[in-house]
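Examination of the molecular architecture
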Amino acid sequence: MRQGSAAVAAPVGRQTPPTAAAWMLIAPLLLWVAAFVVAPGLIMLVYSFCQRGTLGGVVFAFTLENYAAVFDQTYLHIVVRSVVFAAVTTAICLLMGYPVAFYIGRAPARWRNTLLMLVMIPFWTSFLIRTYAWVTILKSEGLLNSLLVHYDLVAAPLELLYTRGAVILGLVYTFLPFMILPIYTSVEKLDQSLVEAAFDLGAGPLRAFSRVIVPLTAPGISAGALLVFVPALGIYAVNDILGGGRVDMIGNIIEDQFKGTARNWPFGAALGIALMLSFAATFWLTSRWQSEPR
Amino acid sequence: MQATGMRGIAIVAAICLVAVGGWSCTSNRGPKQELNLFAWSEYVPQSVIDGFTRRTGIAVNYETFSSNEEMLAKLISGAQRYDVIQPSEYTVAALIKEGRLRAVDWSKVPNIKNIDPRYTHRPHDPQQQYTVPWMAGSVGIVVNTDKVTDDVRGYRDVFQPKYAGRIVVVDDPREIVAWALVTLGKGPDEVTPATLAQVKPLLQQWLPLVKVFDSDSPKTALLNGDVDLGIVWSGEAALLYNQDRKFAYHLPVEGAHLFVDNLAIPADAANPDAAMAFMNYILEPEVSRLISADFPYTNPNREARKLLSPAELQNPASYPPGDPKLETFGDIGGAAVQIDKLVTDIKAAG
């Protein structure tokens, strides 16, 4: 079964090197990546070894103090919290998103596009406006509390907003489509005959699911997990709005170094590099899990 | 085919000639004067900008920022040369120290005489060489008197366990540390490792009681009823008071931050004369009144105050009564990093 999914992923046969025409076609993309991804990354790397300028900005004098500060207890605590929040968000998105994606992937062809549209439509609204909409729903005099109080389900309004729960809610809401769509792609490619073969060989529904369906949709799961975990690690707007500015994550700390009191660009750059390295590590781990022979 | 082709070429050539001719005609009129204004978002009324353009014919390019640090970042990057910037007083001190401001030729800005002497020659610009005060304000206590019946007059009154989870404060580490410093009887600029160690236990008591940290719009949490009291900018408190009289404003008895926002001219400004014309324009009482109407901070212009309505002058957040203890902030240089770390540490522990 592992070989089946690997066969989809790996190309077979002899590989011909790209022609000059092929290079010309992808040249614009390479230039764009070089200018807007590689160059800023290099600038950030250089800045992370510089010293803080008085008005902000950097002084080109080599120092390792910024990386030392990254491992300071204060910031390490926040890094751990960010990882935990991102992991919890990924887990909840997976638990909620997998059934939805599975259902859409196995729905009759004429319904699939409509259902996908329903998942995609909130995406067309600004993400910031959707987060503020949650403020309107969760606040003390908001929609949810007004409903609960009106029907005497609670005595006093619940404190839902400006809590960690609200932050997780906002994060899951923002990233759920990122989990549903990759898993849907995998489910759609699922060969139903393999599942039927499992039933024929005596597996119950639970066994068929865990031993056949999940491994076959593993590429979708890992893609979805990556698409949720990595951005959730760096997010700062959702937790700032829904957490009342109290739930600081690594993204907020980096923002503070550039737009806040500290004016410490080199430290912000060092944190950014640390974040990039953790993304690389996550990506490496997921790709190893995928290609691991069972 | 050929005839159509020739006709097409002739038409295109004619259009090009007209365009070139027209373009060279306009350039013969001489360089158009413009003003690159870099100010806070929500601080310069459009009516003021339009009035200036109507009066002088100078076009205004208005760019905005939402924090002093953002302004500094864009200013020092040098990507765009600004003619007028709008720094707060502690940023002015840093800019003057770094030689980034151009001295104002007061013969071109005679209206400076309209400013109340209480707002000139302050510590951030002792010889009044570089800045024109725009608006002043304070950071003080606002209380929803429907929910809070006790007398809340100082920082210690706000941060009591009975108000746990009902407080909003501005998300500004410099401000927060300053409150703790003045409560312990020190000056707000006395930021050293020793004084920070002294304020740490006080902040560890205070910050867990706060429900919301919001610098952008602290009035939202108060209007929503999620919090009952807070320490916010006076402009926000004035807007709350105008909306509902139940929001009372007091300046903390231990001492409050008087902030003075200013107009200044960067040293590399391309249009300094336009900048000074703009400064002179906004110092006119009628124009200053327009600023007060939209943004009810404390107007430092004596002549403009004479034109304000009684309702505006009675707003306790805009014009606090009595003789409160007010101090401006100075530049603390690298100590800002320690402040940021301390507040981050305490917030994260909560």
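Now for a description of the structure that goes with this document. Keep in mind that what you see is a predicted model, and the values were worked out from it rather than measured.

Our focus in this paragraph is the pattern of salt bridges. Evaluation of the coordinates by the stated rule reveals 23 salt bridges over all chains. Put simply, A:Glu159 and B:Arg166 hold a salt bridge, and the shortest N to O gap is 3.5 Å. Residue A:Glu159 is located in the loop between α7 (143-150) and α8 (164-188), and its partner B:Arg166 is located in the loop between α5 (155-158) and β5 (167-169); the two belong to separate chains. The residue B:Asp228 makes a salt bridge to B:Lys147 at a minimum N-O spacing of 3.6 Å. Here B:Lys147 lies in the loop between β4 (131-144) and α5 and B:Asp228 lies in the loop between α8 (218-224) and β7 (229-233), a separation of 81 residues in the sequence. Here B:Asp228 falls in the buried class, since its relative accessible area comes to 9%. In this structure B:Lys147 comes out as partly exposed when scored by relative accessible area, which is 48%. Through salt bridges with shared partners, one network takes in A:Glu159, B:Lys147, B:Arg166, B:Lys211 and B:Asp228.

All right, on to helix α2 (residues 46-56) of chain B then. Residue and element names in this part refer to chain B. Turning to α2, its buried residues are Val 48, Ile 49, Gly 51 and Phe 52. Seen end-on, α2 carries its buried residues on one side only, within an arc spanning 165 degrees. Contacts from the buried residues of α2 go to β1 (34-40), β2 (59-65), α10 (272-282) and α11 (285-294). Immediately beyond the C-terminal end of α2, within one or two residues, lies Gly 57, with a positive phi of roughly 75 degrees.

One finds B:Phe159, B:Trp179 and B:Ile282 to be the most contacted residues of the largest nonpolar core, which totals 91 residues. Core analysis: the second largest hydrophobic core is formed by 72 residues, A:Ile104, A:Val228, A:Val238 and B:Ala238 among them.

Residue and element names in this part refer to chain A. Within the chain, Asp 152 stands out as a residue other than glycine whose phi angle is a positive 55 degrees. Looking at where Asp 152 falls in the secondary structure, it is placed in the loop between α7 and α8. The phi torsion at Tyr 162 lies on the positive side, around 60 degrees, for a residue other than glycine. Along the chain, Tyr 162 falls in the loop between α7 and α8.

The rules behind each value
Residues numbered from 1 in each chain as written. Chains lettered and ligands numbered in written order. Predicted model: local features only at pLDDT ≥ 70, side-chain atom pairs only at ≥ 80, totals over all residues. Heavy atoms only, no water. Salt bridge = Lys/Arg side-chain N within 4 Å of Asp/Glu carboxyl O. Helix = DSSP H or I, 4+ residues; strand = E, 2+ residues; numbered from the N terminus. Buried < 20%, exposed > 50% of the residue type's maximum accessible area, 1.4 Å probe, protein only. Arc of directions from axis to C-beta. Contact = heavy atoms within 4.5 Å. Core = buried A, V, L, I, M, F, W, Y, C linked by side-chain atoms within 4.5 Å.

Bear in mind that shape data such as this cannot, by itself, settle questions of function.
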